[in-house]
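Each chain, letter by letter, is given below.
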Amino acid sequence: EPEVTQTPSHQVTQMGQEVILRCVPISNHLYFYWYRQILGQKVEFLVSFYNNEISEKSEIFDDQFSVERPDGSNFTLKIRSTKLEDSAMYFCASSVTGENEKLFFGSGTQLSVL
Amino acid sequence: AQRVTQPEKLLSVFKGAPVELKCNYSYSGSPELFWYVQYSRQRLQLLLRHISRESIKGFTADLNKGETSFHLKKPFAQEEDSAMYYCALTYSNTGKLIFGQGTTLQVKP
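Overview of the structure. (Residues numbered from 1 in each chain as written. Chains lettered and ligands numbered in written order. Predicted model: local features only at pLDDT ≥ 70, side-chain atom pairs only at ≥ 80, totals over all residues. Heavy atoms only, no water.)

Quick word on the overall build of chain A
Logical step 1: Looking only at helices and strands, chain A features zero helices and eleven strands.
Logical step 2: In chain A, the order of α-helices and β-strands from amino to carboxyl end is β-β-β-β-β-β-β-β-β-β-β.
Logical step 3: For 114 residues, the compact-globule estimate of 2.2 N^0.38 gives 13 Å, and the C-alpha radius of gyration of chain A, at 13 Å, lies within 12% of that figure.
Logical step 4: With respect to the three principal axes, the spread of C-alpha positions in chain A is 35 × 30 × 30 Å.
Logical step 5: Relative to its 114 residues, chain A shows a buried fraction of 46%.
Logical step 6: In chain A, the share of contacts with a sequence separation of at least 24, taken over all contacts with a separation of at least 6, comes to 54%.
Logical step 7: For chain A, the exposed surface amounts to about 5700 Å²; the carbon and sulfur share of it is 46%.
Logical step 8: Averaging the locations of the 9 positively and 15 negatively charged side chains of chain A gives two centres separated by 3 Å. (Helix = DSSP H or I, 4+ residues; strand = E, 2+ residues; numbered from the N terminus. Rg over C-alpha atoms; globule rule 2.2 N^0.38 Å. Buried < 20%, exposed > 50% of the residue type's maximum accessible area, 1.4 Å probe, protein only. Contact = heavy atoms within 4.5 Å. Areas by Shrake-Rupley, 256 points an atom, 1.4 Å probe, with all protein chains shown as cover. Lys, Arg positive; Asp, Glu negative; His and termini not counted. Charge placed at Lys NZ, Arg CZ, Asp CG, Glu CD.)

A few points about unusual backbone geometry
Logical step 1: In this structure, the amide linkage connecting T7 of chain A to the following residue, P8 of chain A, adopts the cis form with an omega of -10°.
Logical step 2: Its location among the elements puts P8 of chain A in the loop between β1 (5-7) and β2 (10-13).
Logical step 3: At N51 of chain A, a position not held by glycine, the phi torsion is positive, near 55°.
Logical step 4: Looking at where N51 of chain A falls in the secondary structure, it is placed in the loop between β5 (43-50) and β6 (53-57).
Logical step 5: The class for N51 of chain A is exposed, based on a relative accessible area of 59%.
Logical step 6: In this model, R41 of chain B sits at a positive phi of 65°, which is unusual for a non-glycine residue.
Logical step 7: By the secondary structure assignment, R41 of chain B is in the loop between β5 (32-38) and β6 (45-49).
Logical step 8: On the basis of relative accessibility, which here comes to 84%, the residue R41 of chain B falls in the exposed class.

Thoughts on the side chain of D81 of chain B
Residue and element names in this part refer to chain B.
Logical step 1: On the secondary structure map, D81 appears in the loop between β8 (72-74) and β9 (83-90).
Logical step 2: With a relative accessible area of 2%, D81 lands in the buried category.
Logical step 3: A polar contact of 2.8 Å, which involves the side chain of D81, links it to the backbone nitrogen of Q78. (Polar contact = N/O pair within 3.5 Å; in protein donor to acceptor, adjacent residues only side chain to side chain.)

Focus on the state of the cysteines
Residues and elements named next belong to chain A.
Logical step 1: Throughout the structure, instances matching the rule amount to two disulfides over all chains.
Logical step 2: A disulfide bridge connects C23 with C92, and the sulfur atoms are separated by 1.9 Å. Its S-S torsion of about -65° marks the bond between C23 and C92 as left-handed, since a negative value means left-handed. One end of the pair, C23, is in strand β3 (residues 19-24); the other, C92, is in strand β9 (residues 88-95), and 69 residues separate them in sequence. Taken as a pair, C23 and C92 share a single burial class, namely buried. (Disulfide = S-S within 2.5 Å.)

Observations regarding the sheet that holds β8 of chain B
Residues and elements named next belong to chain B.
Logical step 1: Strand order across the open sheet formed by three strands is β3-β8-β7, with antiparallel pairing between neighbours. With partners counted over all chains shown, the strands left at the sheet margins are β3 (19-21) and β7 (60-61), one partner each.
Logical step 2: In terms of strand pairing, β7 meets β8 through two bridges, oriented antiparallel. In the strand pairing of β8, A61 is matched with L72. (Pairing = 2+ DSSP bridges.)

Below, the structure is given as structure tokens:
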């Protein structure tokens, strides 16, 4: 079965640094998402992306965050100036359509901000 | 506001025992409800969705709109069912899922 791929699996960075988390969604999927899970807390929606633009974003997704699909395969999440509270597991997901269907999740990137 | 509540952080049962993982939601409209599962060292994956009315790996879940619940059930637990289970709802067509806190199911031999 095709899978969503995320790199790196672990990322350690200093507070204030920029990080880019990378994802390769399933090739025929059109909708892409980022979620995050702070240790011990719920999985939280960050953003959904379709047709090269954000279709919905949460309150968490402030100006420090951005997403991009720089080519036909990658989907990236950039955090411009990381804060300690950005430490979390970040999950990328994709789906064929956005209409209440199955999301395919990547295995996650564990981001640690020191 | 939309919310999903899973009251149990940990549910521990013996193999062969019935399992019920509780999920309650708050949403005034008609949401779509899902159960996702995460086995040890694996990715989150869909277990079942209420509109499919299917049984996956012996698990079923019925949407009870009166009680705003979507409890996950299995009559006889197996050791390989040990995992983290997340209840989630969506109400938009943007794929946004609202997750519960998750329940760790531990099935003892």
